[in-house]
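A closer look at the structure
Residue-level listing of the chains:
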Amino acid sequence: MRFALSNPVATGGRSPRAAFTLVEVLAALAFMAIVIPAAVEGLRIANLAGQVGQRKNAAARVAARVMDEWIANSQTRGTTRRGVVTEDAFEYRWILRTEPWTLDTLTLVTAEVFYTVQGRDYDVRLSTLVDVSTR
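The notes below deal with the structure included here.

Cut-offs and rules
Residues numbered from 1 in each chain as written. Predicted model: local features only at pLDDT ≥ 70, side-chain atom pairs only at ≥ 80, totals over all residues. Heavy atoms only, no water. Helix = DSSP H or I, 4+ residues; strand = E, 2+ residues; numbered from the N terminus. Expected span 1.5 Å × (residues − 1). Buried < 20%, exposed > 50% of the residue type's maximum accessible area, 1.4 Å probe, protein only. Contact = heavy atoms within 4.5 Å. Polar contact = N/O pair within 3.5 Å; in protein donor to acceptor, adjacent residues only side chain to side chain. Pairing = 2+ DSSP bridges. Axes fitted to C-alpha atoms, helices over the stretch in contact; angles between N-to-C directions. Core = buried A, V, L, I, M, F, W, Y, C linked by side-chain atoms within 4.5 Å. Patch = residues over 30% accessible without salt bridge, like charges linked within 9 Å, V, L, I, M, F, W, Y side chains within 5 Å. Areas by Shrake-Rupley, 256 points an atom, 1.4 Å probe, with all protein chains shown as cover. Salt bridge = Lys/Arg side-chain N within 4 Å of Asp/Glu carboxyl O.

What to know about helix α1 (residues 22–72)
- Its 51 residues give α1 an end-to-end C-alpha distance of 75 Å, which sits within 8% of 75 Å, the value for a rise of 1.5 Å per residue.
- Residues of α1 that are buried include every one of Leu48, Val52, Arg55, Ala58, Ala59, Val62, Ala63, Val66, Met67 and Trp70, and no others.
- The inward-facing, buried residues of α1 contact β1 (80–87), β2 (90–100), β3 (106–117) and β4 (120–131).

Here it is as structure tokens:
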């Protein structure tokens, strides 16, 4: 019994025994060795940027809340307050500083919030002027 060989035109011009050569396989592996680490590093950077953005947003909320509480409680000038706020299982350390402004009736209030993402420290600083003569 005899078997007919497949038509080379029907298989795209390749014989049934066509395969990649060693050179082609090595070239593909070398290409992947370059591309995969670059892609992984890109994903790591994108992940870091996303985490920093989310945590910065939360830190800005903490700073605004601390400043609002200070203003609502009519605190005196020249005070420095510190604390820690936990939000979404993350800790945000904050410092609230007040100092006189060039006009006697104004006080500069600055809230600084510190947070850590992937072992690196970041901070958000929020400042405003408060008229203490109306208090």
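After presenting the structure, the write-up continues.
Observations concerning the environment of Arg97
- With respect to the secondary-structure elements, Arg97 resides in strand β2.
- Note on Arg97: relative accessible area 35%, which makes it partly exposed.
- Sequence separation between Arg97 and Met67 is 30 residues; the distance between their C-alpha atoms is 9.8 Å.
- Contact partners of Arg97, with chain neighbours within four places excluded, come to Thr79, Thr80, Leu108, Val109, Thr110 and Glu112.
- Within the local environment of Arg97, its side chain forms a polar contact with the side chain of Glu112, the two groups lying 3.2 Å apart.

Notes on the sheet that holds β2
- Strand order in the open sheet formed by 4 strands is β1-β2-β3-β4, and the pairing between neighbours is antiparallel. Each edge of the sheet is formed by a strand with only one pairing partner; in this case those strands are β1 and β4. When strand polarity is set aside, the average angle formed by the axes of neighbouring strands in this sheet is 20°.
- Across 12 bridges, β3 lies against β4 in antiparallel orientation. Across the sheet, residue Thr116 finds its bridge partner in β4, namely Asp121.
- Where α1 meets the sheet, it contacts β1, β2, β3 and β4, and its direction lies at approximately 145° from that of β3.

Describing the pairing of β2
- In this structure, β1 lies alongside β2, joined through 8 bridges in antiparallel fashion. Along β2, the bridge assignment pairs Thr86 with Glu91.
- The antiparallel hairpin formed by β1 and β2 contains 2 residues in its connecting segment, where Asp88 sits at a positive phi of about 55°.
- Across 8 bridges, the pairing between β2 and β3 is antiparallel. Looking at β3, one finds that Glu99 is bridged to Leu108.
- Where β2 folds back onto β3 in an antiparallel hairpin, the turn is made up of 5 residues.

Things to note about the nonpolar core
- Core analysis: the biggest nonpolar cluster contains 22 residues, and Val62, Tyr92, Trp94, Leu96, Val113 and Tyr115 have the highest contact counts within it.
- Counting only elements with at least two residues in this core, the list comes to α1, β2, β3 and β4.
- When residues of this core are assigned to their parent elements, the largest contribution, 9 residues, is made by α1.
- In this view, Leu96 contacts Val66, Met67, Trp70, Thr79, Thr80, Arg81, Val109, Thr110 and Ala111; residues no more than four positions away in its chain are not counted.

Regarding a nonpolar patch on the surface
- Taken together, the side chains of Phe20, Leu22, Val25, Leu26, Leu29, Phe31, Met32, Ile34, Val35, Ile36 and Val40 define a hydrophobic patch exposed on the protein surface, amounting to about 1,100 Å² of accessible area.
- Of note, Val40 is situated in helix α1.
- Note on Val40: relative accessible area 51%, which makes it exposed.

Without other data, these values stay purely geometric and don't point to any function.
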